[in-house]
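Descriptive analysis of the structure
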Amino acid sequence: MIRKIAMLLLVAVVGYVIWVIILNLPGNDAPRTMATSPAPVARMGAGTGKTIEVVRSGPLVIPVAGIVANQLTDTFDDARGEGRIHDAIDIMAPRGTPVIAAAAGTVEKLFESKLGGTTVYIRRDGGQWIDYYAHLDAYAPGLTEGQKVPQGHMIGTVGSTGDASPEAPHLHYAINAMAPGEGWWQGKAINPYPLLTRR
Ligand SMILES: [Zn+2]
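As the structure is a computational prediction, the values presented were derived from the model and not from experiment. (Residues numbered from 1 in each chain as written. Predicted model: local features only at pLDDT ≥ 70, side-chain atom pairs only at ≥ 80, totals over all residues.)

Moving on to the overall build of the protein chain. Along its length, the protein chain carries 3 helices and 13 strands. Partitioning the contacts of the protein chain with sequence separation of at least 6, the portion at a separation of at least 24 is 59%. (Helix = DSSP H or I, 4+ residues; strand = E, 2+ residues; numbered from the N terminus. Contact = placed C-beta atoms within 7 Å.)

Here you go:
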């Protein structure tokens, strides 16, 4: 009987220790640690000579300089005519405001399209996600396909190219989940809003 109780105690203690170790693994904690800094962090925009304001939100940074989470509106499900839905978030900002990489990755495509205007597709390391930035006024000087960009790197400026209203410049930002082998024009959109407003 006493051996049985001792055995149960041992199992309980070992279980508890394993539980504590799992909870303290750095991988579990890292995103939450990063989410505790909602204030803008000034950083020099590479090649611009200007200071840009980087606001971190969870694992991402908000892709327009100086914009904080409570300035964002969830426009992911908005209708966009001809049966299309938006599948992105529009971040309003004055023309010329720096657009910065929400996540690190490699510039896969610089593309001019009828709807999106001047656009950038950046594939994150690992390949499963592409961040898409549209209606840019201009690319950052020297931005090229194949270039590695760190998170927070300036990739262009807010504008209204494509089908955006010239009176309402904004960044159209989308996150696409990529199946293996899919190209930059493919993927399935997920809503960036909850990710950008995570505390
Ligand atoms: Zn949009």
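This part is about the environment of Thr-144. Relative to the helices and strands, Thr-144 is located in the loop between β9 (129-139) and β10 (148-149). Measuring from C-alpha to C-alpha, the distance between Thr-144 and Thr-106 comes to 9.6 Å, with 38 residues separating the pair along the chain.

The phi dihedral of Asp-87 falls on the positive side, at around 60°, and the residue is not glycine. If you trace the backbone, Asp-87 turns up in the loop between β4 (60-61) and β5 (89-92). Asp-87 sits in the buried class, given 20 other C-beta atoms within 10 Å. Of note, the phi angle at His-135 is positive, near 65°, even though the residue is not glycine. Along the chain, the position of His-135 falls in strand β9. Given 26 C-beta atoms within 10 Å, His-135 falls into the buried group. (Buried ≥ 20, exposed ≤ 12 C-beta atoms within 10 Å, placed from the backbone.)

Relative to β9, strand β8 (residues 117-123) is paired through 5 bridges, and the arrangement is antiparallel. Bridge pairing links Arg-123 to Ile-130 in β9. Count of turn residues in the β8/β9 antiparallel hairpin: 5 residues, of which Gly-126 carries a positive phi of about 100°. Looking at chain direction, β9 and strand β12 (residues 170-177) are connected through 6 bridges and run antiparallel. Of the residues in β12, the one forming a bridge with Tyr-133 is Tyr-173. Taken together, the 3 bridges between β9 and strand β11 (residues 154-158) define a ladder with antiparallel strand orientation. For Leu-136, the partnering residue across the bridge sits in β11 and is Val-158. (Pairing = 2+ DSSP bridges.)

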